[in-house]
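# Per-entry structural report
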Amino acid sequence: MTELPNVHVRAEVLAQALPHMQRYDQEIVVIKYGGHAMGDRAAAEDFAEDIVLLEQSGLKPIVVHGGGPQIGKMLDRLGIQSEFRGGLRVTDEATVEVVEMVLAGLINKQIVGWISAEGGRAVGLCGKDGNMVRAKRAMKTVVDPESHVEQTVDLGLVGEPDHVERGVLDAVLKAELIPVLAPVAYGADGQTYNVNADTFAGAIAGALRAKRLLLLTDVPGVLDKDKKLIPELTVEDCRRLIADGTITGGMIPKIETCMYALERGVEAVVILDGKVNHAVLLELFTDYGAGTLIRRG
């Protein structure tokens, strides 16, 4: 008898999830997975459960993953010294080989394995497969701390998406498989490029006009100047908060990715905390949400 109240609560939660499931039925949701959640086995298994539940509920999830810390550890293990310019790692020929090995090999297949262990059917791919993503060399700008002058920095084989060919992903989704994508791509010059996972996910979401793009991070979402979560923003709000210094540092490129995806037809983007248990389910299947929702306006 003591279990009945808890059972009733669970049934009520499932019933409340129904309209959300109906809203996303047969819709594409792109989820960028990385940060703290990726390095914790229990959190990774929770994430895999979420992805399988989404697929079983009629959604079409696409996972894009990063792996910066794992790349750094492998470079150290192999004794490959990294050069930094403006505080950013330069990707040379030796480094990009390790990047591809860790992202498209080790991490990609780990995530596929976690999803498979939860009863899902996932397939691991990278931007090279089927010429899915064509990249171009990315040029970054940094502000010199002494002169405060903005400088252009060449980071070597760091790329940004130039074109997405959606045919491969359409075929995978039609086969009711879950694509797990590593952000590595060819350039027009045949060179391999390391692409930022947020940027890669934004390009995929934009090309497929996804219903949602979820960026899992290590923070609750976008914070105001008092460090309180901002639950919802428009693109215009984002531009204003960048201009007045509320949005700074590493959050700026995330917001730029959000705006890029929205401009290309994604309905809404959410920046949420990957450390929260089942954050993806909370965001998509409840009224509460789990981060900052950004819309066009």
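None of these values were measured; they are calculated from a predicted model.

## Some remarks on the pairing of strand β8 (residues 178-182)
Counting buried residues along β8, 5 of its 5 residues qualify, which places the element largely inside the surrounding structure. Across the two faces of β8 the burial is the same, with Ile178, Val180 and Ala182 and Pro179 and Leu181 all buried. Judged from the 2 bridges that link them, strand β2 (residues 60-65) and β8 form a sheet pairing that is parallel. The residue bridging Val64 from the neighbouring strand is Leu181, located in β8. Bridge count for strand β5 (residues 122-126) against β8 is 5 bridges, and the pairing is parallel. Note that in β8 the partner of Gly124 across the bridge is Val180.

## Quick word on the layout of surface pockets
Computed from the structure, the second largest pocket encloses a volume of approximately 260 Å³. Glu283, Asp287, Tyr288, Gly289 and Leu293 are the residues nearest the centre of the second largest pocket, which is lined by 17 residues in total. Looking at the lining of the second largest pocket, the elements with two or more residues in it are α1 (4-23), α10 (279-285) and β14 (291-295). The element best represented in the lining of the second largest pocket is β14, accounting for 3 residues. Classifying every residue of the lining of the second largest pocket gives 7 nonpolar, 4 polar and 6 charged.

## Overview of the packing of aromatic side chains
What the rule picks out here adds up to 1 aromatic pair. Ring centres of Tyr33 and Phe47 lie 3.8 Å apart, and the angle between their planes is 5°; on these two criteria the pair is classed as stacked. You can see Tyr33 sitting in strand β1 (residues 28-33) and its partner Phe47 sitting in helix α3 (residues 41-56), a full 14 residues away along the chain. Each member of the pair, Tyr33 together with Phe47, is buried.

## A closer look at the side chain of Arg212
Counting through the fold element by element, Arg212 comes out in strand β11 (residues 212-217). On the accessibility criterion, Arg212 (4% relative accessible area) is buried. At 3.4 Å, the side chain of Arg212 forms a polar contact with the side chain of Tyr24. Looking at Arg212, its side chain comes within polar contact range of the side chain of Glu267, at 2.8 Å.

## Quick look at the UniProt feature "site: Transition state stabilizer" (unreviewed entry) in the protein chain
Listed under "site: Transition state stabilizer" (unreviewed entry) in the UniProt record, and renumbered for this structure, are Lys32 and Lys254. Taking the farthest pair of C-alpha atoms as the criterion, the annotated set spanning 223 residues converges on one region, since that pair is 11.1 Å apart. Its place among the elements puts Lys32 in strand β1. Assessed through its relative accessible area of 10%, Lys32 is described here as buried. When residues no more than four places from it in sequence are discounted, the contact partners of Lys32 are Val64, Ala197, Asp198, Ala201, Leu214, Leu215, Leu216 and Lys254. A polar contact is formed between the side chain of Lys32 and the side chain of Asp198, at a distance of 3.4 Å. Assignment of secondary structure puts Lys254 in helix α9 (residues 251-263). With relative accessibility at 16%, the residue Lys254 sits in the buried group. Dropping the residues within four chain positions of it, Lys254 is found in contact with Lys32, Asp198, Leu215, Thr217 and Ile271. Of note is the side chain of Lys254, whose polar atom sits 2.6 Å from the side chain of Asp198.

## Quick look at unusual backbone geometry
Although it is not a glycine, Glu176 adopts a positive phi angle of roughly 60°. For Glu176, a relative accessible area of 52% gives the class exposed. Of note, His278 is a non-glycine position whose phi angle comes to about 55°, a positive value. Looking at the secondary structure, you find His278 in the loop between β13 (268-273) and α10.

## Description of the sheet that holds strand β12 (residues 232-234)
An order of β5-β8-β2-β1-β11-β13-β14-β12 is seen for the 8 strands of this open sheet, with the pairing classed as mixed. Strands with a single pairing partner mark the edges of an open sheet, and in this sheet they are β5 and β12. Neighbouring strand axes in the sheet, compared pairwise and without regard to direction, differ in orientation by 20° on average. The strands touched by helix α6 (residues 167-174) within the sheet are β1, β2, β5 and β8, with β8 carrying the most contacts at an inclination of about 145°. The strands touched by α9 are β1, β11, β13 and β14; relative to β13, the strand with the most contacts, the crossing angle is about 150°.

Reading the values: rules and limits
Residues numbered from 1 in each chain as written. Predicted model: local features only at pLDDT ≥ 70, side-chain atom pairs only at ≥ 80, totals over all residues. Heavy atoms only, no water. Buried < 20%, exposed > 50% of the residue type's maximum accessible area, 1.4 Å probe, protein only. Helix = DSSP H or I, 4+ residues; strand = E, 2+ residues; numbered from the N terminus. Pairing = 2+ DSSP bridges. 1 Å grid on protein atoms, 1.4 Å probe; cavity = no way out; pocket = protein on both sides within 12 Å on 5 of 7 lines; lining within 4 Å. Points joined across faces, edges and corners; volume = space filled by probe spheres on them. Nonpolar A, V, L, I, M, F, W, Y, C, P; charged D, E, K, R; others polar. Phe/Tyr/Trp six-rings, centres within 6.5 Å; stacked < 30°, edge-to-face > 60°. Polar contact = N/O pair within 3.5 Å; in protein donor to acceptor, adjacent residues only side chain to side chain. UniProt positions renumbered as here; feature names shortened; annotations may be inferred. Contact = heavy atoms within 4.5 Å. Axes fitted to C-alpha atoms, helices over the stretch in contact; angles between N-to-C directions.

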